[in-house]
Amino acid sequence: MTELAAAKLESFLPIPENGDQYSMEFIESRGAIKLREDAGRVQVGVSDASDPRVFSVIAKYHRKPVEFFLIDKFELAAYLGNRLSEPSDPPEKDGRAGADERVLLDKLANDAPIVNLVNSVCIDAIRAGASDIHIEAGDESARVRYRIDGVLKTVRRIERERFPAVASRVKIMANLNILERRLPQDGRITVDLGGEHIDLRVSAVPVAGGESIVMRILGRKSNLLSLEELGFADDQLRVLRRLFRIQHGLILVSGPTGSGKTTTLNAIIREIVDDDVKVVTIEDPVEFVIDGVNQIQTNDQIALGFDTILRRVLRQDPNVIMIGEIRDGATAELAVRAAMTGHLVLSTLHTNDAVSVIPRLADMGVERYLIASVLRGAIAQRLVRRLCPACGGKILEAGGQADVCAACSGTGYRGRTVVAEVFESNGELEEAILRGDRETELQDLLARSGMLTMSEDGLRKAADGVTAISELRREIGLGEGTD
């Protein structure tokens, strides 16, 4: 058979449904769907062109010429979940609990419409570039939200009666207990999307009226960005590269959850890794697999926390150690000790700005003379949405009334960029730490040494047309009077 032309399902909308479409069983088993039919011909999409029986069966079924197109199997799966998944009648419950309830939930969760629905939710999220999927029970319906470029958006609603089956399906995929709805559970799903392995970290938490299920999308190759691609300015890049080329000491990245700290650390690690350098990371979880790096995942269920693993890692003769997060005094003490004994240690802290890492370490019990001795520098960052380069964000100025931009789907934004402040320690800062100077005094000292704050870096990017002032207000609390 001749090579098929590739086609997008969306170019054939509306696609025939119900009695005008093939049966669900045929579509799922053969990977073929009727795209369009008129008096003269039928157009059919197939996701696998290697099976000649599919073409033969379909050609014999229709009494008119058939034109075949090659469609993406993941796009087909997403479409099935979006359009053809109608709720099936659940079996009657007899009131018995335990094993009977598990059988019921298993049957519902493995029902084809539910499988297609969950698959489509995951595939659509990955294709949309979402970082998280939220499926939340409600009084009248459950809602599905995607976090895209840091902003949550409701993408669909699910009938309340179907939520238990959807939740059970996700739990089955994540190898969780489908009967447990009183305690939080954590799991992981690995999917293969077009040859790319993608991990979904699953969290199920009981809430009023049901459960909240969140799936964080990890391990995407497209998320492996360089420091330049992340958006650091040239002057910041020069400081960063001086910092991570030193032989030993402590470098910290600070910011709230979701500010891109791990992505920045991974970009740094990829620049450091070399044949003559042993790099070990301790992560929760391992979000990106990096060639040439020994990556270890924590496991609190068997008492493998950051501090426990770090003690063992120090016996592995590493040059560079990356600790996913310094959460407590024990880990902070070990990190400082490692930095003092010839290792370059990279880690993260939850602080609002770069200078706050100093009092934060002191609050964890690290002596100030140790902080002054090992701290080489720090980065504080946030992620703000980048104005769409195709439309320049003009759709925002038009109040959403302009023609919808194909690149950003009419949002005015496409992707995100980092807004950061970076400092490099020096003798003056070390003396100030030893004196116990207050945070405001340390901030003034760094400003005199040339460090730009996040606000100043953000305003610089806004002036260059990279982001908008409204984004700076949302993410870093830039004053409402700023224009």
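Residues numbered from 1 in each chain as written. Predicted model: local features only at pLDDT ≥ 70, side-chain atom pairs only at ≥ 80, totals over all residues. Heavy atoms only, no water.

**Q** How should the overall build of the chain be read in this particular structure?
**A** Check the secondary structure of the chain and you find 18 helices and 17 strands. For the chain, the C-alpha atoms occupy an extent of roughly 85 × 55 × 50 Å along the three principal directions. For the chain, buried positions account for 48% of its 483 residues. A separation of at least 24 residues holds for 61% of the contacts in the chain among residues at least 6 apart in sequence. Entry remark: accessible area of the chain is about 23900 Å², with carbon and sulfur atoms responsible for 47%. Computing the positive centroid from 61 side-chain charges and the negative centroid from 74, the chain places the two 2 Å apart. (Helix = DSSP H or I, 4+ residues; strand = E, 2+ residues; numbered from the N terminus. Buried < 20%, exposed > 50% of the residue type's maximum accessible area, 1.4 Å probe, protein only. Contact = heavy atoms within 4.5 Å. Areas by Shrake-Rupley, 256 points an atom, 1.4 Å probe, with all protein chains shown as cover. Lys, Arg positive; Asp, Glu negative; His and termini not counted. Charge placed at Lys NZ, Arg CZ, Asp CG, Glu CD.)

**Q** Whenever I open this one, helix α5 (residues 112-127) confuses me. Can you help?
**A** Along an α-helix, a turn takes 3.6 residues, which lines up residues three or four apart on a common side. Compared with an ideal rise of 1.5 Å per residue, which puts 16 residues at 22 Å, α5 spans 22 Å between its outermost C-alpha atoms and is within 8% of the ideal. The buried fraction of α5 is high, at twelve of 16 residues. Of all the positions in α5, only Pro113, Ile114, Val115, Asn116, Leu117, Val118, Ser120, Val121, Cys122, Ile123, Ala125 and Ile126 are classed as buried. The positive-phi residue at the C-terminal boundary of α5 is Gly129, with phi of around 80 degrees. (Expected span 1.5 Å × (residues − 1).)

**Q** Help me out: how do you make sense of the packing of aromatic side chains in this one?
**A** The geometry of an aromatic ring pair comes down to the distance between the two centres and the angle between the two planes. Following the criterion strictly, the structure yields four aromatic pairs and no others. Where Phe55 meets Phe68, the ring centres are 4.7 Å apart and the plane angle is 80 degrees; that geometry is what we call edge-to-face. Taken as a pair, Phe55 in helix α2 (residues 52-61) and Phe68 in strand β4 (residues 66-70) lie far apart in primary sequence, 13 residues in all. Of the residues examined, Phe55 reaches a relative accessible area of 9% and is grouped as buried. Judged by its relative accessible area of 12%, Phe68 is buried. Among the aromatic side chains, those forming a connected cluster through ring pairs are Tyr22, Phe26 and Tyr61. (Phe/Tyr/Trp six-rings, centres within 6.5 Å; stacked < 30°, edge-to-face > 60°.)

**Q** I tried to follow the nonpolar core on my own but got confused; where do I start?
**A** General note: in soluble globular proteins, nonpolar side chains tend to be found buried as a group. Among the nonpolar cores identified, the biggest contains 48 residues, and Leu252, Ile358, Leu361, Phe423 and Leu429 are the most heavily contacted of them. It is helix α11 (residues 329-340) that provides the largest number of residues to this core, a total of six residues. Every residue in contact with Leu252, bar those within four places of it in the chain, is listed here: Ile326, Ser347, Leu349, Val357, Leu361, Leu375, Gly377, Ala378 and Ile379. One finds Ala78, Cys122, Ile133 and Ala142 within the second-largest nonpolar core, a separate group that totals 35 residues. (Core = buried A, V, L, I, M, F, W, Y, C linked by side-chain atoms within 4.5 Å.)

**Q** Looking at this model, I keep getting lost on the pairing of strand β7 (residues 151-159). Mind explaining?
**A** The two faces of the sheet receive side chains in turn, since in a regular strand these alternate between them. Relative to β7, strand β6 (residues 141-148) runs antiparallel, the two being bridged by eight bridges. When the bridges of β7 are listed, Val144 appears paired with Arg156. Hairpin connection from β6 to β7: two residues lie between these consecutive antiparallel strands, with Asp149 at a positive phi of about 55 degrees. (Pairing = 2+ DSSP bridges.)

**Q** What exactly am I supposed to notice about the sheet that holds strand β5 (residues 132-136) here?
**A** Consider a sheet: its strands pair through backbone hydrogen bonds, and that pairing is either parallel or antiparallel. Strand order in the open sheet formed by six strands is β7-β6-β5-β10-β9-β8, and the pairing between neighbours is antiparallel. Across the chains shown, the open sheet's two edge strands, defined by having one partner strand only, are β7 and β8 (185-193). Each neighbouring strand pair of the sheet contributes to a mean axis angle of 20 degrees, computed without reference to strand direction. With five bridges connecting them, β5 and β6 associate as antiparallel partners. In the sheet register, Glu136 faces β6, and the bridge partner there is Arg143. Taken strand by strand, helix α6 (residues 163-173) contacts β5, β6, β7, β8, β9 (196-207) and β10 (210-218), and its axis lies near 40 degrees from that of β10. (Axes fitted to C-alpha atoms, helices over the stretch in contact; angles between N-to-C directions.)

**Q** Got a minute to help me understand helix α8 (residues 234-243) in this structure?
**A** Three or more residues of α8 are buried, namely Gln236, Leu237, Val239, Leu240 and Leu243. Around the axis of α8, the buried residues are gathered within 165 degrees of arc, so they sit on the same side. Facing away from the buried side of α8 by over 90 degrees, the exposed positions are Asp234 and Arg238. Tucked inside the fold, the buried residues of α8 contact α7 (227-230), β11 (249-254), β16 (375-387), β17 (413-424) and α17 (454-463). (Arc of directions from axis to C-beta.)

**Q** Sorry if this is basic, but what is going on with the packing of helix α15 (residues 427-435) against helix α16 (residues 439-448) here?
**A** Between two packed helices, both the angle of their axes relative to each other and the distance between the axes serve to describe the pair. At a minimum axis distance of 11 Å, the contact between α15 and α16 shows a crossing angle of 175 degrees. Judged by the inter-axis angle, α15 sits roughly antiparallel to α16. Residues Glu428, Leu429, Ala432 and Ile433 of α15 pack against Leu442, Leu445, Leu446 and Arg448 of α16. For the contact of α15 with α16, a count of residues per class yields six nonpolar, no polar and two charged. (Parallel < 35°, antiparallel > 145°, perpendicular 65-115°, else oblique. Nonpolar A, V, L, I, M, F, W, Y, C, P; charged D, E, K, R; others polar.)

**Q** What's the story with the environment of Met454 in this structure? I'm lost.
**A** Relative to the assigned elements, Met454 resides in helix α17. Residue class for Met454 comes out buried when judged on its relative accessible area of 7%. Between the alpha carbons of Met454 and Pro65 there is a distance of 63 Å; along the sequence they are 389 residues apart. With residues up to four places along the chain from it excluded, the contact list for Met454 reads Asn352, Asp353, Ala380, Gln381, Arg382, Val419, Ala420, Glu421 and Ile476.

**Q** Just to check I follow, could you spell out the side chain of Asp437 for this structure?
**A** As for its position among the elements, Asp437 is in the loop between α15 and α16. Assessed through its relative accessible area of 15%, Asp437 is described here as buried. Separated by 2.8 Å, the side chains of Asp437 and Arg435 make a polar contact. Not counting residues within four places of it along the chain, the set of residues in contact with Asp437 comprises Arg368, Ala432 and Leu442. (Polar contact = N/O pair within 3.5 Å; in protein donor to acceptor, adjacent residues only side chain to side chain.)

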